[in-house]
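Given next are the chains, with one letter for each unit.
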Amino acid sequence: MIKNNSKTNDSKIKIAKKESKIINAVIEDKKTSDVKEKVIKKQVDNKKAFLSLGLLILVVLILFYFLFFYSPYKYSFTINNVPYYSNYYTPSSFFNTIKNEKIVFVSPLLEEENISPIMVNSMQLWNVVLNANNVNVVQLIRVTKNGELSYCQTNDGNVEINKVLSLQECNVLLNNNNWVVFIDEGKTSVIIEENKVKVFSPRIESSMVNFSVIKEIFPNAQESLDIINQKIYGIQ
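Quick caveat: nothing in here was measured; it's all calculated off a predicted structure.

**Some remarks on the packing of aromatic side chains**
- One pass over the full model with this rule turns up eight aromatic pairs.
- Taking 6.2 Å as the distance between ring centres and 40 degrees as the angle between the ring planes, the aromatic pair formed by tyrosine 89 and tryptophan 179 counts as tilted. Highlighted residues: tyrosine 89 in the loop between strand S2 (82-86) and helix H2 (91-99) and tryptophan 179 in strand S7 (residues 179-185), separated in sequence by 90 residues. In this pair, the class of tyrosine 89 matches that of tryptophan 179, namely buried.
- With a centroid separation of 6.2 Å and 40 degrees between ring planes, the pair formed by phenylalanine 94 and tryptophan 179 is classed as tilted. Within this pair, whereas phenylalanine 94 is found in helix H2, its partner tryptophan 179 is found in strand S7, the two being separated by 85 residues in sequence.

Structure follows, in structure tokens:
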């Protein structure tokens, strides 16, 4: 009986050792699996971080491009420190086109309660030089109230007329196929559309910027202005 018990104990020990090995193997497998999961998770997290960083860099590059290089205009050029932009004209084609028009509307933007003499002077510069070059001029003054376009005043091409137009009537004239020179406040630039020229400048520089544009179109602009000044003021 003692011998049999010994064999039984040996068998139990062997079984216990075998079970212990199996348990240890399972534990090791579990540890290995956990390590692999951690490695995989770290790799995934790294990929996500690199992807996020890549997207951030891409967004910054796109913003940089739009801020410093992108232009919605086909043509851009600078003359006498005045930048011009257009999808329709190169400098020479624009200057020749407006020069050959029979009628040009000149449209400054004025505040009803705060009319700027400088903006009015800019309009007069266009009037004088266009008339001197046989281009009929129609004044179309846009008048604002509280920052909104309210109505227009026009002379219909006759200096003795001053007619008030409703906002609707004004918009019809502004949006038809006539050539219109817009005189506006803003950062200095000239936007040339198919039959519109928008001259932007700080108010205090309006006359200077507009006359710079006029001189590029009409080389005799200064001479025309001198003749008018001489007739009006007797300036030699």
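Next, the rest of the story.
**Considerations on the packing of helix H3 (residues 117-132) against helix H5 (residues 206-217)**
- Where H3 contacts H5, the axes come no closer than 8 Å and their chain directions differ by 15 degrees. Accordingly, the angle class assigned to the pair H3 and H5 is roughly parallel. Handedness of the crossing formed by H3 with H5: right-handed. Residues Ile118, Met119, Asn121, Ser122, Leu125, Trp126 and Val129 of H3 lie in contact with H5, whose contacting residues are Ser206, Ser207, Asn210, Phe211, Val213, Ile214 and Ile217.
- Residue composition of the contact of H3 with H5, by class: nine nonpolar, five polar and no charged.

**Some thoughts on the pattern of salt bridges**
- Considering all chains together, one arrives at six salt bridges under this definition.
- Glutamate 111 is the salt-bridge partner of arginine 203, the closest N and O atoms lying 2.9 Å from each other. Highlighted residues: arginine 203 in the loop between strand S9 (196-201) and H5 and glutamate 111 in strand S3 (residues 103-111), separated in sequence by 92 residues.
- By relative accessible area, which is 23% here, arginine 203 ends up partly exposed.
- Where salt bridges share partners, they join Glu111, Glu185 and Arg203 into one cluster.

**Things to note about the state of the cysteines**
- A full pass over the atoms with the stated rule returns one disulfide.
- Each disulfide pairs two cysteine sulfurs, and for cysteine 152 the partner residue is cysteine 170, the sulfurs being separated by 1.7 Å. Linking cysteine 152 in strand S5 (residues 148-154) with cysteine 170 in helix H4 (residues 167-174), this pair joins segments that are 18 residues apart in sequence.
- According to the relative accessible area criterion, cysteine 152 is buried, its value standing at 0%.
- For cysteine 170, a relative accessible area of 0% corresponds to the buried category.

**Looking at the packing of H5 against helix H6 (residues 221-233)**
- Where H5 meets H6, the closest approach of the two axes is 8 Å, and the angle between their N-to-C directions is 115 degrees. Here Phe211, Ile214 and Lys215 of H5 come into contact with H6, specifically with Ala221, Gln222 and Leu225.
- Across the contact of H5 with H6, the residue classes break down as four nonpolar, one polar and one charged.

**Regarding the nonpolar core**
- If you look at the biggest cluster of nonpolar residues, it comprises 38 residues, and the most contacted ones within it are Tyr84, Phe94 and Trp126.
- Here this core gets seven residues from one element, more than from any other, and that element is H3.
- When near neighbours in sequence (up to four residues on either side) are disregarded, tyrosine 84 contacts Tyr75, Ser76, Phe77, Ile79, Phe95, Val190, Ile192, Ser212, Val213 and Glu216.

So, how was this worked out
- Residues take numbers from 1 onward in each chain, read along the sequence in its written order.
- In keeping with the model being predicted, local features are shown solely for residues with a pLDDT of at least 70 and side-chain atom pairs are shown and tallied solely at 80 or more, while totals for entire chains, interfaces and linings include all residues.
- Water and hydrogen atoms were dropped before computing side-chain values, which therefore reflect all heavy atoms in the structure.
- Side-chain rings of Phe, Tyr and Trp, where Trp is taken by its six-membered ring, are said to pair if the distance between their centres is within 6.5 Å; with planes under 30 degrees apart they count as stacked, over 60 as edge-to-face, and otherwise as tilted.
- Where helices and strands are cited, they refer to DSSP runs of H or I of at least four residues and of E of at least two residues respectively, numbered from the N terminus.
- Throughout, exposure labels follow a simple rule: accessible area from a 1.4 Å probe, protein chains only, divided by the maximum for the residue type, with under 20% read as buried, over 50% as exposed, and the rest as partly exposed.
- Lines are fitted to the C-alpha atoms to define the axes, a helix being fitted only along its stretch in contact, and any angle between axes, read from their N-to-C directions, falls within 0 to 180 degrees.
- In these notes the angle categories are as follows: under 35 degrees is roughly parallel, over 145 is roughly antiparallel, 65 to 115 is roughly perpendicular, and the rest is oblique.
- Take the far helix as the reference: if the near one is turned anticlockwise from it by less than a right angle, the crossing is left-handed, and if turned clockwise, right-handed.
- The contact definition used throughout considers only heavy atoms, calling two residues in contact when any of these lie within 4.5 Å.
- By the convention adopted, Pro, Cys, Tyr, Trp, Phe, Met, Ile, Leu, Val and Ala count as nonpolar, Lys, Arg, Asp and Glu as charged, and the other residues, Gly among them, as polar.
- Salt bridges are defined as contacts in which a side-chain nitrogen from Lys or Arg sits within 4 Å of a carboxyl oxygen from Asp or Glu.
- Two cysteine sulfurs form what is called a disulfide whenever their separation falls within 2.5 Å.
- What makes a nonpolar core is a set of buried Ala, Val, Leu, Ile, Met, Phe, Trp, Tyr and Cys residues whose side-chain atoms join them at distances within 4.5 Å.

So, to be careful, I would describe these as geometric facts and stop short of saying anything about function.
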